[in-house]
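# Geometric and topological summary
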Amino acid sequence: MDRVALRGLKARGHHGVLPHEREEGQDFVVDLVLGLDTRPAAADDDLGKTVHYGVVAEEVAAVVRGEPVDLIETLAERIADRCLEHDVVREVEVVVHKPQAPITVPFDDVTITITRSRV
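Procedures and definitions
Residues numbered from 1 in each chain as written. Predicted model: local features only at pLDDT ≥ 70, side-chain atom pairs only at ≥ 80, totals over all residues. Heavy atoms only, no water. UniProt positions renumbered as here; feature names shortened; annotations may be inferred. Helix = DSSP H or I, 4+ residues; strand = E, 2+ residues; numbered from the N terminus. Buried < 20%, exposed > 50% of the residue type's maximum accessible area, 1.4 Å probe, protein only. Contact = heavy atoms within 4.5 Å. Areas by Shrake-Rupley, 256 points an atom, 1.4 Å probe, with all protein chains shown as cover. Lys, Arg positive; Asp, Glu negative; His and termini not counted. Charge placed at Lys NZ, Arg CZ, Asp CG, Glu CD.

As recorded in an unreviewed UniProt entry, the chain goes by 7,8-dihydroneopterin aldolase and comes from Streptomyces niphimycinicus. Under the UniProt heading Pathway (unreviewed entry), the note attached to the chain is "Cofactor biosynthesis; tetrahydrofolate biosynthesis; 2-amino-4-hydroxy-6-hydroxymethyl-7,8-dihydropteridine diphosphate from 7,8-dihydroneopterin triphosphate: step 3/4." Turning to the chain, the UniProt record has this under Catalytic activity (unreviewed entry): "7,8-dihydroneopterin = 6-hydroxymethyl-7,8-dihydropterin + glycolaldehyde".

Encoded structure:
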């Protein structure tokens, strides 16, 4: 399986369990690895036979900006579901970064990584 990766997609969302996270929002960063067969697109040099990563980026940003959830696990699942709506995408790895998580000790990042595929 071939892979198309998008790294560092940024969008502001209002996810989290604390009231100030919901009210003020924060920046989230998403990394994606989409698994698909790119041979048909490469053979015909045809964008219609692969995944349009610009469209995927917009859709993922819309999910992050969309309906708030408590957990980044839920957010990652919603992103994976949206990516798998593209017929050519057979599997997806989603990493959601929450670099401004409300943690009282110094840290660089909090992430959740999930992998989902068509069953």
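Additional details are given in the paragraphs that follow.
On to the overall build of the chain. Helix and strand counts for the chain come out as four helices and four strands. Reading the chain from its N terminus to its C terminus gives the helix and strand order β-α-β-α-α-α-β-β. Residues classed as buried in the chain amount to 39% of the 119 residues present. Taking the contacts inside the chain whose residues are at least 6 apart along the sequence as the reference set, 60% of them involve residues at least 24 apart. Here the chain displays about 6,800 Å² of accessible surface, and carbon together with sulfur accounts for 51% of that area. Within the chain, one finds 14 positive and 23 negative side-chain charges whose respective centroids are separated by 2 Å.

To continue, consider the UniProt feature "domain: Dihydroneopterin aldolase/epimerase" (unreviewed entry) in the chain. What UniProt calls "domain: Dihydroneopterin aldolase/epimerase" (unreviewed entry) maps, in this numbering, to residues 4-116. Between the C-alpha atoms that bound residues 4-116 there is a distance of 15 Å. The span itself is 34% helix and 30% strand.

Attention shifts here to the environment of arginine 7. Relative to the helices and strands, arginine 7 resides in strand 1 (residues 2-13). The spatial distance from the C-alpha of arginine 7 to the C-alpha of alanine 62 is 16 Å, given a sequence separation of 55 residues. Every residue in contact with arginine 7, bar those within four places of it in the chain, is listed here: Val30, Asp31, Leu32 and Val33.

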